[in-house]
Number of protein chains: 2
Amino acid sequence: MTERQELRELVAPEDAREAIAAFEAPDRVVTIPVESASGRVLAEPITAPIDVPGFDRAAMDGYAVRATDTTGAGETHLVELSISGSLAAGQQPAGHLEPETAIEIATGAVLPPGADAVVKVERTERRGETVAVEQAVPPGTNVAPAGSDVAAGDRTLSGGTRLAPRTLGLLSAIGRETVPVRARPDVGVISTGAELVAPGTDLDHAAGQIYDVNETTLSSAVRAAGAKPVPYGTVEDDEDAIRETVQRAADACDLVLTSGSTSAGSGDMLYRIVAEDGELSVHGVAIKPGKPTVVGRYDGTPLVGLPGYPVSALSIFRLLVAPTLRRWTGTDRDTKTVDARLAVEERYAEGRHRALPVGLIRDGADELLAYPVDRGSGATTSLAYADGVVEMAADTRVLSAGEAVTVERFSTADRPPALLAVGESDPGFAAAIAGIDATRYRTIGARGGARWLRDGIADVAVLTGDTDREDGQTLATWTREWGLVRSADAADVESIEELAVGDYRLVNRDRESGLRAAFDAVIDERSDPEALRDAIDGYDVAVPGVESPARRVARGDADVGLGLRSTASDLGLAFLPLGTQRVRAVAATDRTGKSGVASLVRTLDDASFLAGLDGYASD
Amino acid sequence: MTERQELRELVAPEDAREAIAAFEAPDRVVTIPVESASGRVLAEPITAPIDVPGFDRAAMDGYAVRATDTTGAGETHLVELSISGSLAAGQQPAGHLEPETAIEIATGAVLPPGADAVVKVERTERRGETVAVEQAVPPGTNVAPAGSDVAAGDRTLSGGTRLAPRTLGLLSAIGRETVPVRARPDVGVISTGAELVAPGTDLDHAAGQIYDVNETTLSSAVRAAGAKPVPYGTVEDDEDAIRETVQRAADACDLVLTSGSTSAGSGDMLYRIVAEDGELSVHGVAIKPGKPTVVGRYDGTPLVGLPGYPVSALSIFRLLVAPTLRRWTGTDRDTKTVDARLAVEERYAEGRHRALPVGLIRDGADELLAYPVDRGSGATTSLAYADGVVEMAADTRVLSAGEAVTVERFSTADRPPALLAVGESDPGFAAAIAGIDATRYRTIGARGGARWLRDGIADVAVLTGDTDREDGQTLATWTREWGLVRSADAADVESIEELAVGDYRLVNRDRESGLRAAFDAVIDERSDPEALRDAIDGYDVAVPGVESPARRVARGDADVGLGLRSTASDLGLAFLPLGTQRVRAVAATDRTGKSGVASLVRTLDDASFLAGLDGYASD
């Protein structure tokens, strides 16, 4: 590790946003087909080269006449004209309309030379080869003159117009196949970090590799802001490698976005590259998450160095960069604020401007509740399970439960889930909701489920144990067999005591889980529980996720894992049963009327949802 | 023309919308790259195949230690450990951490075997080859265990989730390159009408050809509703041709949209095809515009027959079809209602549900005004120049000026123009605003400009004549030379009298235009103005558009046209000057503070905007 660099003076988020807003918009023009131009911004004014229509057009079905021939006509004085032909739309008149004749004409057809009005069919009576007209019409009646829709030479659309179906229709009407629009800005996206691997390839867990998330999230966020992402892949956090990639991106793009290598721990490499070879305007923003943000230029090209954590990178992009891209591209902000009540109290010691990610759920009275979902900015999930953010000023230290908050939704298309289930990770419950759309199942353990039910957040809690709860309505219960998932090396382990005695390594579940509670309850029945726990190698190695211990066993990182029979079967591992545990789905009393809960009830009523799950039984 | 068919019983718009909503959504699944999946709807639940992270990870920069080695450490009791190495993110630990040693570790790096906690760097002091620890840490401190972000086996996303950057990030985090999403419905788009020609090809005006607008507008509206338009081009309104194309589209698509051939005048062909060969559910909707709408199936495939007029087709699509496509595709409605005041009174005799297209403009107090823009549903421009619609119930007969109305904007991205200019079509004024973004210039003639100024709609009116107006502030005046644009055949015409005497055909401007007013004023000075007018062949042939008469001359449809010297020069035609007319740009008194007006003032202050316009002079 290089010497630690401290961030220079932090700037306010507004100042960082303004530094980015000061970058000049690219002004390239591209000519594209009209049919694909919706949402694009017209680069120059469009003048109509032709009249629309290009001819005097019948505006009604009826008879083309000379207006003077109808003089005096009325309901009591029919004027009879001989019919000399008929004209449909798209048909060329055969000749001049002679006096005292009429030509049958359809809406949209060319008014024949000689005619100057149309009597609509409702005011006529057909009599074989003649027509009786019951209305006197002045010249021009029911005729749309050439150019009446669009006149040649008229400037039809201004530069800067954001094109939409209806304006594209106008371009079609004047015969345009292509249209000059402002080019989408090219935004280079570079992820830095030796640990990053592109999704789709294999991971080396032992070497600490993880999949790169930022290229995906930033590229799609760039696209949502109307610009064009240009991917540069992942680069090791090596100064020369980053410099080379930044240079390539700066040569080709209108804006370069990097993520990572901005913190003191990574040697603040990006800051040094920009400070040494470019122009630095911002180094550090007074916001959480996202402090180590860099704004500047490299080789003249605007550059924003985002933090490496996915949540921080995306939040800072949305807050500071997206407004400028949207302005450059004439793209609407795909967000909307909604009012909600905060479900639980939030307290902060530190006085820093915050963007608090929250989930949204409708309570029984159909009112919106917001609940914090932050699992630490390193977690990919904290944004994925959030529906929006609540902005909090630096001086806000407490938000009380029930307090009214304004939530900026991430997308106008997002809707709160139809069903928010929280609690024990249980394959049986997962099977129950697999067929229900727009559900969210947060597996934070049975204890967490009970808390979220009590706090009025969860629609349904997934709990373990035999006790009914007073703050909810049990929809169904079932049982699952649990025990120890064993590797081939641990085939001899036939009891907890043998596990403690032998040279085996256990992977446990975390204390929030009902599975761990069941395991501890069994140990507590032994004569000296504490000694037994101390003797088990790995008893304190607790992992989240119902399958995680078994997967560690499967890949040889441990000999024995706490888990379910169903998981052991799925992974083809041996299993030592230690007990059977009851699982219950409990609906919050005020949410039983929600459609998502109703769908769940229907599924739970039919015990077939447990089919195929080894060790499961319906009650 | 075939025998006229009357529409059957009209159904209410809600019933037609429901008939379309009853069509079953297609349920095909396509697997696409994660990077292009933003906005798509997940077809099935996604379960995490791996733990994220896949290893116990340092959550802070600092030193990996055995927690027991830090027992008793504090600010007054430093515990010194020897440093046995360092680990960066993405680096594989070389071996086990021995007791009473520490390994320098970066955030994101793998916790080395043997270590169970991280002391953050701020609580340590480096002393060459050793580190002094000033904090006792329990096991697990500053460690993110494997699976703490996403646990293997967890159902991470529910089917029906609309994917966004943050959820795509979650898919990347678990290593997905592709994702199963619901296929976009294929929507066949067929335009019918013998008069229709695809944009980009030449038009035969004499045969009454016009460019097809509906394929462009409907295709982009289909795309905006999240579905995939499949173009079938234009088809003559011939029953066999339509039947054949509808059959091909029905074979290949999830929904078929036709436009045209639905009215009595066109033989109601579409109705007959559907009624004879398919299933008809709706024939005629009680709405204006859009009455002749057909809903049914052809060969089992859902079909909606839209009216042929572009405005009607797009309005009916938006009102009746788009909601179902958006529901099928999980697409958000790209509209938003805004409150506005109606600028002028609207009256209706007929009691029919209406969608009134309106423009929006901000007045001097920054309040929104809505003004009707309908030029008749045949006009392409009426939608292009509208910003939204006001829905009016069938029993509403009058909307007063100043009345509060709710405007459903066509798109959330639309903004009222920065400058709304209304009045005389003048190439000089067009040149002045050519460089100003987001202007709208409605050339409805000097008379109309005066009306819109008086009604408080226009920001700026373009007027003709020498008189200042009390209800506005003149920003600039200039003069233009006007007269008669002559074909080679009319080279002899040297006066209005010669025009009247000879065998020449004139094309005049409409009475709303200031050009026509100037022409009439000159004629009125002659000894017998009425006789002179009567003697001019084509005096009553009045067309809209400042260039339209000259263009008719250019293409041989007339001998002489009323027009400007600048137009004659542009088109290379001879010109007989008859006078010089003053043009003035007059700002509404309350709008002089608007930014668009300020931009205009800057341009007008510099007389160079008239450069290159023959016959123009600044005052």
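Bear in mind that the values here come from a model prediction, so they are computed numbers and not experimental data.

Topic: the overall build of chain A
Looking only at helices and strands, chain A has 15 helices and 37 strands in total. By the compact-globule yardstick of 25 Å for 619 residues, chain A is too spread out, its C-alpha radius of gyration being 36 Å. Based on the C-alpha atoms only, the size of chain A along its principal axes is roughly 120 × 65 × 45 Å. For chain A, the residues scored as buried account for 58% of the 619 residues in total. Expressed as a percentage of contacts within chain A between residues at least 6 apart in sequence, the contacts between residues at least 24 apart total 72%.

So, the interface of chain B and chain A
Of the residues lining the interface, 110 residues belong to chain B; the matching set on chain A comes to 110 residues. Sorting the residues of the side of chain B that touches chain A by element identifies helix H2 (165-173), strand E15 (210-211), helix H3 (214-224), helix H6 (310-329), helix H7 (381-384), strand E30 (439-442) and helix H13 (548-554) of chain B as the ones contributing at least two each. Across the side of chain B that touches chain A, the residue classes break down as 48 nonpolar, 41 polar and 21 charged.

Regarding the sheet that holds strand E6 (residues 101-105) of chain B
Residues and elements named next belong to chain B. Taken together, six strands build an open sheet; the order of strands is E7-E4-E6-E5-E9-E8 and the sheet is mixed. Looking along the sheet, the strands with just one partner apiece sit at the ends: strand E7 (117-120) and strand E8 (124-127). On average, adjacent strands in this sheet sit at an angle of 40° to one another, irrespective of strand direction.

Considerations on the relation of the copies chain B and chain A
Both copies of the chain are related by a screw-like operation: a rotation about an axis and a shift along it. Once turned by 180° and shifted 0.0 Å along the axis, chain B lies on chain A with an RMSD of 0.1 Å. As the rotation angle and translation indicate, the two copies are arranged about a two-fold axis. The residues that chain B uses at the interface reappear at the interface of chain A in 100% of cases, marking a shared surface.

Notes on the pairing of strand E29 (residues 419-423) of chain A
All names here are of chain A. Judged by how many residues are buried, E29 sits mostly within the fold: five of five residues are covered. Of the two faces of E29, the one carrying Leu419, Ala421 and Gly423 and the one carrying Leu420 and Val422 are both buried. In terms of strand pairing, E29 meets strand E30 (residues 439-442) through four bridges, oriented parallel. Bridged to Ala421 within E30 is Tyr441. In the sheet, E29 pairs with strand E31 (residues 460-464) via three bridges, with the strands oriented parallel. Bridging across to E31, Gly423 finds its partner in Val462.

Concerning the environment of Asp268(B)
All names here are of chain B. Along the chain, Asp268 falls in the loop between strand E17 (255-259) and helix H5 (269-277). With 24 C-beta atoms packed within 10 Å, Asp268 lands in the buried category. For Asp268 and Pro292, which are 24 residues apart along the polypeptide, the C-alpha to C-alpha distance reads 8.7 Å.

Digging into the environment of Ser158(A)
Secondary-structure assignment places Ser158(A) in the loop between strand E11 (155-157) and helix H2 (165-173). By C-beta crowding, Ser158(A) is classed as buried, having 23 other C-beta atoms within 10 Å. Residues Ser158(A) and Arg584(A) lie 426 residues apart in sequence; the distance between their C-alpha atoms is 63 Å. Those residues in contact with Ser158(A), other than ones at most four positions away along the chain, are Pro45(A), Asp437(B), Ala438(B), Thr439(B) and Arg440(B).

Quick notes on the nonpolar core
Buried together is how nonpolar side chains tend to be arranged in soluble globular proteins. By size, the foremost hydrophobic cluster in this structure holds 135 residues, and its most contacted members are Val256(A), Val358(A), Ala370(A), Ala421(A), Ala458(A), Val460(A) and Ala461(A). Counting residues per element, this core draws most heavily on helix H6 (residues 310-329) of chain A, at 11 residues. Non-local contacts of Ala370(A), meaning those with residues more than four positions away in its chain, are made with Ala340(A), Leu342(A), Ala343(A), Val358(A), Leu360(A), Val390(A), Val405(A) and Val407(A). If you look at the next biggest cluster of nonpolar residues, it comprises 134 residues, including Ile316(B), Ala421(B), Ala446(B) and Trp478(B).

Structural notes on the domain arrangement of chain A
When its domains are assigned, chain A resolves into domain 1 (13-25 + 185-329), domain 2 (29-52 + 149-182), domain 3 (57-144), domain 4 (337-409) and domain 5 (480-581). Between the C-alpha centres of domain 1 of chain A and domain 5 of chain A the distance comes to 43 Å.

As for the pairing of strand E6 (residues 101-105) of chain A
Residues and elements named next belong to chain A. Of all five residues that make up E6, five are buried, and the element is covered over most of its length. Neither face of E6 is exposed, since Thr101, Ile103 and Ile105 on one face and Ala102 and Glu104 on the opposite face are all buried. Judged from the three bridges that link them, strand E4 (residues 62-65) and E6 form a sheet pairing that is antiparallel. If you follow Ala64 over to E6, its bridge partner there is Ile103.

Thresholds applied
- Residues numbered from 1 in each chain as written.
- Chains lettered and ligands numbered in written order.
- Predicted model: local features only at pLDDT ≥ 70, side-chain atom pairs only at ≥ 80, totals over all residues.
- Helix = DSSP H or I, 4+ residues; strand = E, 2+ residues; numbered from the N terminus.
- Rg over C-alpha atoms; globule rule 2.2 N^0.38 Å.
- Buried ≥ 20, exposed ≤ 12 C-beta atoms within 10 Å, placed from the backbone.
- Contact = placed C-beta atoms within 7 Å.
- Nonpolar A, V, L, I, M, F, W, Y, C, P; charged D, E, K, R; others polar.
- Pairing = 2+ DSSP bridges.
- Axes fitted to C-alpha atoms, helices over the stretch in contact; angles between N-to-C directions.
- Least-squares fit on C-alpha atoms with pLDDT ≥ 70 in both.
- Core = buried A, V, L, I, M, F, W, Y, C linked by C-beta atoms within 7 Å.
- Domains from an automatic or database assignment.

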